[in-house]
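Geometric and topological summary
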Amino acid sequence: MATLLLGRFALNRAVNLGLTRMIGNSLNRRTMHLHQNHAFINGKWVGARSGLTFDVTNPANEQVLGTVPDMDINDVNDAIDAAHNAFYDKKWHNSTAKDRAALLKKWFQLLEKNRKEIALIMTAESGKPIAESEGEITYGNSFVEWFAEEARRVYGEIVPTPQSNRQMMLVKQPIGVAGLITPWNFPHAMITRKASAAIAAGCTVVIKPAEDTPLTALALTKLAEEAGFPKGVLNVVTSSRKNAASVGKLLCQSEKVAAISFTGSTEVGKLLYKQCANGIKRIGLELGGNAPFIVFKSADLDKAVIGAMNSKFRNCGQTCISANRFLIQDEVHDEFISRLTEKIKALKIGDGSHDGVQIGPLINHAQINKVTQFVEDAKQKGANVVLGGRQLSEHGALYFEPTIVSHLRDDMKLYREEIFGPVVSIIRFKTEEEALQIANATQRGLAGYFYSNDLNQVFRISKLLETGMIGVNEGLISAAEAAFGGIKESGIGREGSKYGIDEYVYIKYLCYGGLE
Ligand code: NAP
């Protein structure tokens, strides 16, 4: 046992030293406790039953930051059992909203107190510039605070009855164990947006973070442990990409799991939807987008350019609500491109942990290969590369130059598919009808943006654009108070806002009869 403990200490220390070196010795010993190299099941930090691990690397330089357990279905079964026992046998389902709110508040306070270290971990494993990591922490923490407040407002109803000897009530009850599967592009916020809503509702959770970014997930979990979450309420299983499909299938098919909430690609979302069908399992899906960003001739071009920069280049273009197709009206097309080009040229590219960097690396090789292929495909089919268009190997293997491509046609991948990279793809249009037709000609419907100072047009387009969220003269739209989610193949359900908890409760109708 002593050897084991020593081994684990040594490993932790090695991980911590590695991380410290990677991110410039900016961590100190006092805050090292957030670097976990074990998963968290039933209140214990554990390895995989198989003993297997996988490496977590820094996309800025591809160096190994640490290792975490490569868990498979045996470990996930343990986590599901723990969450199930906590919900039923240990009576978490019967906990009061006030107590759950207090726990979430405590977690929020610890997340705030440790924000600097979480940001360093996040930048190290995701490549996100440090200022953006801090921004994500503000955003991610805001869900914990928000749902701590919302926990006490999950009201039922007393319904007027059609018979005088009856009383009818609708109450909301927690649905049970929720399986949460999250992506790498928001390693903090995609977890807190789901987990704090589920826990506020009275559910217990099993979280599977993405292979690329488990360290942020484990840092959040360490703070949940410190906040005093009872055993089994919050469980985190780390697994490599090769186990993702079997782990996901188990979460979807286990009778002990009542609900699945997934954020990720539409392709995987469709698969999980099918897998949940057999058990008629509750599912929430936050999937990929193909956001139009329309600039009409009446727009304030300076504001439109700022909005475009915010919407396109956050996280190097790797967000689900990133502007994906820029539709620019004929009259302002050239001027918009010229102003945008100047802004893009000023972007500072590099390792996200360095001061002032605004564009870091892409997350992994699959991602940079995809972006490169999309640009090549457009070039071959006759598009015009206005700026950039190449990998920046002088920075490292995963950097792509911020790029503008114009003269797109609808047979090009840049036009049709989600880019998830720092590429502005520009389509010229003449009329409002044409812009709407292009914008809506996709099966995705997550976010959309448009810039116009014509009030009638603002109301028309707000109504006719087929997306779940719209930024009107605004490129940054996310907030805990807002309902986040898509239509068409971009998802089902909403996260954040007062509706976020609904994903984790069911309405029970109570009919009290024979009353005198
Ligand atoms: P992804 O490949 O779908 O992965 C998302 C998560 O699902 C990861 O944890 C992944 O594990 C896991 N996974 C992969 N294959 C699985 C399977 N067969 N069964 C169960 N789980 C599986 O997506 P991604 O490339 O990480 O993320 C990018 C996509 O997410 C984009 O399309 C983006 O638009 C979307 N996204 C949507 C939102 C939103 O709120 N709508 C927010 C952020 C991102 P591994 O990491 O181990 O593969």
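Here is what the cut-offs are and how they apply
- Residues numbered from 1 in each chain as written.
- Predicted model: local features only at pLDDT ≥ 70, side-chain atom pairs only at ≥ 80, totals over all residues.
- Heavy atoms only, no water.
- Buried < 20%, exposed > 50% of the residue type's maximum accessible area, 1.4 Å probe, protein only.
- Helix = DSSP H or I, 4+ residues; strand = E, 2+ residues; numbered from the N terminus.
- Arc of directions from axis to C-beta.
- Polar contact = N/O pair within 3.5 Å; in protein donor to acceptor, adjacent residues only side chain to side chain.
- Pairing = 2+ DSSP bridges.
- Right-handed = clockwise from strand over helix to strand, strands pointing away.
- Contact = heavy atoms within 4.5 Å.
- Salt bridge = Lys/Arg side-chain N within 4 Å of Asp/Glu carboxyl O.
- Phe/Tyr/Trp six-rings, centres within 6.5 Å; stacked < 30°, edge-to-face > 60°.
- Axes fitted to C-alpha atoms, helices over the stretch in contact; angles between N-to-C directions.
- Parallel < 35°, antiparallel > 145°, perpendicular 65-115°, else oblique.
- Left-handed = near helix turned anticlockwise from the far one by under 90°.
- Nonpolar A, V, L, I, M, F, W, Y, C, P; charged D, E, K, R; others polar.

Digging into helix α15 (residues 455-464)
- Three or more residues of α15 are buried, namely Gln457, Val458 and Ile461. Along the axis of α15, the buried positions cluster into a sector of 105 degrees, meaning they face one direction only. Turned more than 90 degrees from where α15 packs its buried face, Leu455, Asn456, Phe459 and Lys463 sit exposed.
- At the N-terminal boundary of α15, the capping side chain belongs to aspartate 454, with an oxygen 3.1 Å from the backbone nitrogen of asparagine 456.

Some points on the pairing of strand β8 (residues 204-208)
- When you tally the buried positions in β8, you get five out of five residues, the bulk of the element.
- Of the two faces of β8, the one carrying Thr204, Val206 and Lys208 and the one carrying Val205 and Ile207 are both buried.
- Two elements, strand β7 (residues 177-181) and β8, share five bridges in a ladder whose sense is parallel. The partner of leucine 180 across the bridge, within β8, is isoleucine 207.
- Following the chain from β7 across helix α6 (residues 189-201) to the adjacent parallel β8, one finds a crossover that is right-handed.
- Inspection of the sheet shows β8 paired to strand β9 (residues 234-236) by three bridges, in the parallel sense. Paired with isoleucine 207 across the two strands is valine 236, which belongs to β9.

Regarding the environment of proline 230
- Residue position: proline 230 is located in the loop between α7 (214-227) and β9.
- Along the chain, proline 230 and glycine 43 lie 187 residues apart, while their C-alpha atoms are 7.3 Å from each other.
- Beyond its immediate sequence surroundings of up to four residues, proline 230 is in contact with Trp92 and Leu103.

Describing the pattern of salt bridges
- Within this structure, the stated rule accounts for 28 salt bridges.
- Its salt-bridge partner being lysine 270, residue glutamate 489 comes within 3.1 Å of it at the nearest N-O pair. One end of the pair, glutamate 489, is in the loop between β20 (487-488) and β21 (491-492); the other, lysine 270, is in helix α9 (residues 266-277), with 219 residues separating them in the sequence.
- The exposure class assigned to glutamate 489 is partly exposed, which follows from its relative accessible area of 27%.
- Residue classification places lysine 270 among the partly exposed positions, given a relative accessible area of 39%.
- Notably, a salt bridge pairs lysine 297 with glutamate 331, separated by 3.9 Å at the nearest N-O pair. Of this pair, lysine 297 sits in the loop between β12 (291-295) and α10 (301-313) while glutamate 331 sits in the loop between β13 (323-329) and α11 (333-345); the two residues are 34 residues apart in sequence, bridging distant segments of the chain.
- Members of the salt-bridge network, linked through shared partners, are Arg193, Lys194 and Glu495.

Quick notes on the packing of aromatic side chains
- Considering all chains together, one arrives at eleven aromatic pairs under this definition.
- A centroid spacing of 5.7 Å and a plane angle of 80 degrees characterise the contact between tryptophan 184 and phenylalanine 420, whose relative ring orientation is edge-to-face. Of this pair, tryptophan 184 sits in the loop between β7 and α6 while phenylalanine 420 is found in the loop between α13 (413-416) and β16 (423-429), placing the two residues 236 residues apart along the sequence. As far as the burial class goes, tryptophan 184 and phenylalanine 420 line up, both buried.
- Chaining the aromatic ring pairs together yields one cluster made of Phe293, Phe326, Phe336, Tyr449 and Tyr451.

Notes on the packing of helix α2 (residues 73-87) against helix α8 (residues 241-253)
- Contact geometry of α2 with α8 gives a least axis separation of 9 Å together with a crossing angle of 30 degrees. Judged by the inter-axis angle, α2 sits roughly parallel to α8. Crossing of α2 over α8 shows right-handed handedness. Note on element contacts: α8 touches α2 through Ser246, Val247, Leu250 and Leu251, opposite Ile73, Val76, Asn77 and Ile80.
- Its residues placed into classes, the contact of α2 with α8 shows six nonpolar, two polar and no charged.

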